[in-house]
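Residue strings, one per chain:
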Amino acid sequence: CARTGQQDKATDFLRQGVGGVYVTAKGREGSVVSTMGLVSTLVHVRRHEESLRAIALNQSNLNMYKEKENHAGEAGCYWALGTAYAAIDHLQQSADAFSLCYQLRLMSGERLELMETVRRKGLAMVRCGDVRSGNEDLETWIKMLTEHLEGGEERGEATSVSKEVEVLVALAHSYLRLGDTRNAAEVLKRGLATANQEEDQLAEATMLMAFGDFYKTLWISRRALDHYERAVDIVAELDDANLEAVCIMEMGKLNFARGDTVSAIKCLEEALMLAKKMPMGSTQASVLRAIGDVHLQQGDHAQAQAHYSASCQACKEQLDPVGESAGLVGLARSYLKIGRTSEAMDQVTEALKIRKSLGDRKGESEALRVLSEVYMMTGKYVTARVACDSARNISGESREVVDRAQAWVLQGKIMFESGDVEGALEQLKRSRDMHANTTTLGGTKIFLEPRYLAECLNELGQVYNRMGQRQRAVECLQQAEQICDAAEDVSGAAAARTSLAGLLATKGTDGSQGPDDMATAEAKLVAAKDARQKHGNRSGVAECQLVHGMMALKAGKTSIAVQKVQLAKGLFDELGDKRSSARALVVMGQTCAATPEGAVHFEAALIIRSEILDLSGEAECLQHLAELKSRSTDRDQAIKTWIDTLNLKKQLGQKEGQRTALVALIAEFENSEQPMRAKDCAKDLLELTKGTDNPDASSLAMLLISRVQLRAEEFPAAIESLKETISLCDAAPNSAKAVHRAAEAWGMLAVCFNKSGRPDMAKEATAQAATLRDRLPDEAKAAVPAATSQQAARPTPVAAPTVLKTKPAETRPAEEPIKKKSGSFRKMLGMGGGKE
């Protein structure tokens, strides 16, 4: 009611809400909880109403001045409109009004009026997210002020120290957002020098706080704390409880990031106590959000949501839509983390709506990124990419370096989750290069945003691991760990160590693992768990327990694995984290996959993931269940589960998952004597590989089609398919996988030729298969079926890898006569000489 100007209704509703210092949990949502809150809200209602009246009046007067071509009157109306819009946080409309006022006042040439207009225009531009334009305007104002003072003019209202400090703080902030730390530092030094010269303690405290914000953004925590502490001493002398609360709140955030949880809680509690003394501002809401952030990182979602909700309520009382939208985004992140996806969608959609209505471009970009995460978690990858693209475009328009790089990271994560590994690699490498650009501060090169660089490297490590490049994955995670340690980011360092431990405990695709890898993995995991316990991060501790269980499972220590995973699930259940509980159930299913209990755990995880709308997670559970069914004798149930998996993978657009399901279905249909359905699946598999530069997937599809054709005794078609398979394998002569597959294809060709009455050609094909088998390592030779038994062989269904592996095969040279026959035989088949 207040925002639409219905003051009487707003007042009545507020009076009905008064009933004590706190309302009960069953109290009406949105009720005012104290008399002081009522007074504060009424004041803001009055201010809001006055702003709306001013807007209506000046819009009416504006038309009159335009008709009379009274430019001075027009400029005055635009000035009043800009001021009124700024008072009610309509950021874009305020910036537009001040821009029009500036254009009109350029005609008048009145210097002081023009200076003030440039100042307000620049501040409005920075607030609405047009950082580049705002930066230029604020630079112009500083030049005009310098000329004014150097000309011997005295400071007046338009050139006061407080206004200069306000401009310098905003200018430094804009430089930092544009990635220019050198100019940001210079501007802050000028402001601090001016404050000291003018002996203005409030201005000095403001500049010290700005320096603290500067160092906090760059993750130079110790310097940031020093400046906040100096600012606290000054504002305490000035008895400014509001600024004191802000400084102490920032100190609490920094202490928590550095791992000093006790000091952080002490600071935040003190800040909240001070903020409650100042009911007229939004500081209390900011402190409540900061406490919510701490609980969110610790995994205590009930407390996080309570504080975010209280922050939103306080912002509603103060008619502060910007703060309210920030609280809604916090709620959305918490709900998303624990699997309450629908509620997360509602909160972030409301936040996005508010920020769009205010013209807050930076806030809109942030909300779009969170919305994209929600879509990603629900498996709506196309919609997630659209939202992420919108966020990136907004950041690109305003030249927000860090925000744009964050959008690239998120885009890479979406591609990775959807199965586009190559695309994810490209996006994340681009983001890494953007984040890795160093800037100079005090003669030292530093990263502009080390926290996001570490996050990017962490994601890049996961991608390299999926691609089979284990060593590069390890290097990325080690770099992320080092960066977080240097930035004193305890949470980020623990996350990197946990990921690194899981990776080091896993053998590479070629079976390689360093002699000390397991010991290093265990040490990393212990360090991560200790740091998280000290940090009060119960969710992180549970994550460490889960990874420990997975490591034990890979090492064959099933009893330890079960114990650790059960501990992790118990913690996740206690925290109400359904998403992580489902992950734990999946791991529990893997620990007892050979027993009926495995299916029970997978089905329980499937139910949870269905409840939280996690389509990708559902597909994973269905695949695990399908693999269990394939090992049983119930062919019909196995086929049904694989079909369900395939359909869900199609819905998600995950091509790699579709290939896995189709390969398995081909084997199931062959074993259940359904050759036509196996042939259809083989055709679908081949169709899936078209248009992709993936010879490994194509050769697998052709080999499976050949096998189906061979079983159906379609020998001419099978021969052509096998020739194409061999040609695809020839493209990677140093790949053991390609050599293995080519040997199998030659063996099947021998069968085709025998069945077709061409024994000489069958003999040549058998020789080719033997030559290739001789090049394989001993452990791989047994996996290649002999030519005589190829028709009855049933290969175990395996997922097609994304890229060809590059482990060289043994280069045992064939005898000279075989080489000659090989070349001539290939030419006879129309395949060329091949690659020996």
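A. Region of the structure containing the packing of aromatic side chains. Tallying each qualifying case throughout the model produces three aromatic pairs. Plain terms: the ring middles of W79 and F98 are 5.3 Å apart, the flat faces sit at 75° to each other, and that makes the pair edge-to-face. Here W79 is found in helix 3 (residues 71-87), whereas its partner F98 is found in helix 4 (residues 91-108), with 19 residues between them in sequence. Centre to centre, the rings of F211 and Y215 are 6.1 Å apart; their planes meet at 20°, and the pair counts as stacked. Placement of both F211 and Y215 in helix 9 (residues 201-217) is noted, with a separation of four residues, approximately one turn of the helix. Each member of the pair F211 and Y215 is classed as buried. Of note, R120 hangs over the ring of W79, and the distance from its end group to the ring centre comes to 5.7 Å.

B. Structural context of the packing of helix 31 (residues 655-671) against helix 32 (residues 675-689). Between helix 31 and helix 32, whose axes approach to 8 Å, the crossing angle comes to 160°. Overall, the two elements helix 31 and helix 32 adopt an arrangement that is roughly antiparallel. Read as a crossing pair, helix 31 and helix 32 show a hand that is left-handed. Here helix 31 contributes K655, Q658, R659, L662, V663, L665, I666, F669 and E670 to the contact with helix 32, which in turn contributes R677, A678, C681, A682, D684, L685 and L688.

C. Highlighting the pairing of strand 1 (residues 438-441). Of the two faces of strand 1, only one is covered, namely that formed by T439 and L441; the face formed by T438 and T440 stays uncovered. Of the strand pairs in this sheet, strand 1 and strand 2 (residues 444-447) are connected by four bridges, and their pairing is antiparallel. Looking across to strand 2, one finds that T440 is bridged to K445. Adjacent in sequence and paired antiparallel, strand 1 and strand 2 are bridged by two residues, among which G442 carries a positive phi angle near 65°.

D. Structural detail: the environment of E186. Within the fold, E186 resides in helix 8 (residues 181-198). Spatially, the C-alpha atom of E186 lies 8.3 Å from that of A172, the residues being 14 residues apart in sequence.

E. A look at the confidence of the model for the protein chain. Averaged over all residues, the pLDDT of the protein chain is 82; the fraction at 70 or higher stands at 85%. Across residues 18-33, where pLDDT falls below 50, the model places 22 contacts with residues more than four positions away in sequence or in other chains. The low-confidence segment residues 786-821 (pLDDT under 50) makes 70 contacts with residues lying over four places distant or belonging to another chain.

F. Unusual backbone geometry, seen in detail. Residues other than glycine seldom take positive phi values, yet E488 does so here, at roughly 60°. Residue E488 is classed as partly exposed on the basis of its relative accessible area of 30%. A positive phi angle, near 55°, is found at E673, a position not held by glycine. Inspection of the secondary structure puts E673 in the loop between helix 31 and helix 32.

G. Representation of empty space enclosed by the protein. Within the structure shown, the criterion is met by one cavity of 30 Å³ or more. For the largest cavity, the full set of lining residues is V401, V402, A405, M434, H435, L448 and E449. Of all the secondary-structure elements, those providing two or more residues to the lining of the largest cavity are helix 19 (401-418) and helix 20 (421-435). Per-element tally for the lining of the largest cavity: the top contributor is helix 19, with three residues. Classifying every residue of the lining of the largest cavity by side-chain character gives five nonpolar, one polar and one charged.

H. The arrangement of the pattern of salt bridges in detail. Counted under the stated rule, the structure contains 41 salt bridges. Of the charged contacts in the structure, one is a salt bridge between D137 and K121, with a shortest N-O distance of 2.7 Å. Placement of the pair is D137 in helix 6 (residues 131-150) and K121 in helix 5 (residues 111-128), with a sequence separation of 16 residues. On the accessibility criterion, D137 (10% relative accessible area) is buried. Measuring nitrogen to oxygen at the nearest pair gives 3.8 Å for the salt bridge that ties E229 to R222. What makes E229 partly exposed here is its relative accessible area of 34%. Through salt bridges with shared partners, a single network forms among E116, R119, K163 and E166.

I. Structural view of helix 17 (residues 361-377). Compared with the 24 Å implied by 1.5 Å per residue over 17 residues, the 24 Å span of helix 17 between its first and last C-alpha is a close match. Taking burial as the measure, the 17 residues of helix 17 include 12 buried ones, the bulk of the element. Those residues of helix 17 that sit buried are G363, E364, S365, A367, L368, R369, V370, L371, S372, V374, Y375 and M376. On its buried face, helix 17 is in contact with helix 15 (321-338), helix 16 (341-358), helix 18 (381-397) and helix 19. Downstream of helix 17 by one or two residues, G379 has phi in the positive range, about 85°.

J. Layout of the nonpolar core. Grouped together as the largest cluster of nonpolar side chains are 68 residues, with contacts concentrated most on L138, W141, L188, F214, L218, V287 and L441. When residues no more than four places from it in sequence are discounted, the contact partners of L138 are R119, G122, L123, V126, V167, A170 and L171. Within the second largest apolar cluster, 57 residues are counted, among which are Y308, L331, M588 and L648.

Quick notes on the rules
Residues numbered from 1 in each chain as written. Predicted model: local features only at pLDDT ≥ 70, side-chain atom pairs only at ≥ 80, totals over all residues. Heavy atoms only, no water. Phe/Tyr/Trp six-rings, centres within 6.5 Å; stacked < 30°, edge-to-face > 60°. Helix = DSSP H or I, 4+ residues; strand = E, 2+ residues; numbered from the N terminus. Buried < 20%, exposed > 50% of the residue type's maximum accessible area, 1.4 Å probe, protein only. Lys NZ or Arg CZ within 6 Å of the ring centre and 35° of its normal. Axes fitted to C-alpha atoms, helices over the stretch in contact; angles between N-to-C directions. Parallel < 35°, antiparallel > 145°, perpendicular 65-115°, else oblique. Left-handed = near helix turned anticlockwise from the far one by under 90°. Contact = heavy atoms within 4.5 Å. Pairing = 2+ DSSP bridges. pLDDT = per-residue confidence, 0-100. 1 Å grid on protein atoms, 1.4 Å probe; cavity = no way out; pocket = protein on both sides within 12 Å on 5 of 7 lines; lining within 4 Å. Points joined across faces, edges and corners; volume = space filled by probe spheres on them. Nonpolar A, V, L, I, M, F, W, Y, C, P; charged D, E, K, R; others polar. Salt bridge = Lys/Arg side-chain N within 4 Å of Asp/Glu carboxyl O. Expected span 1.5 Å × (residues − 1). Core = buried A, V, L, I, M, F, W, Y, C linked by side-chain atoms within 4.5 Å.

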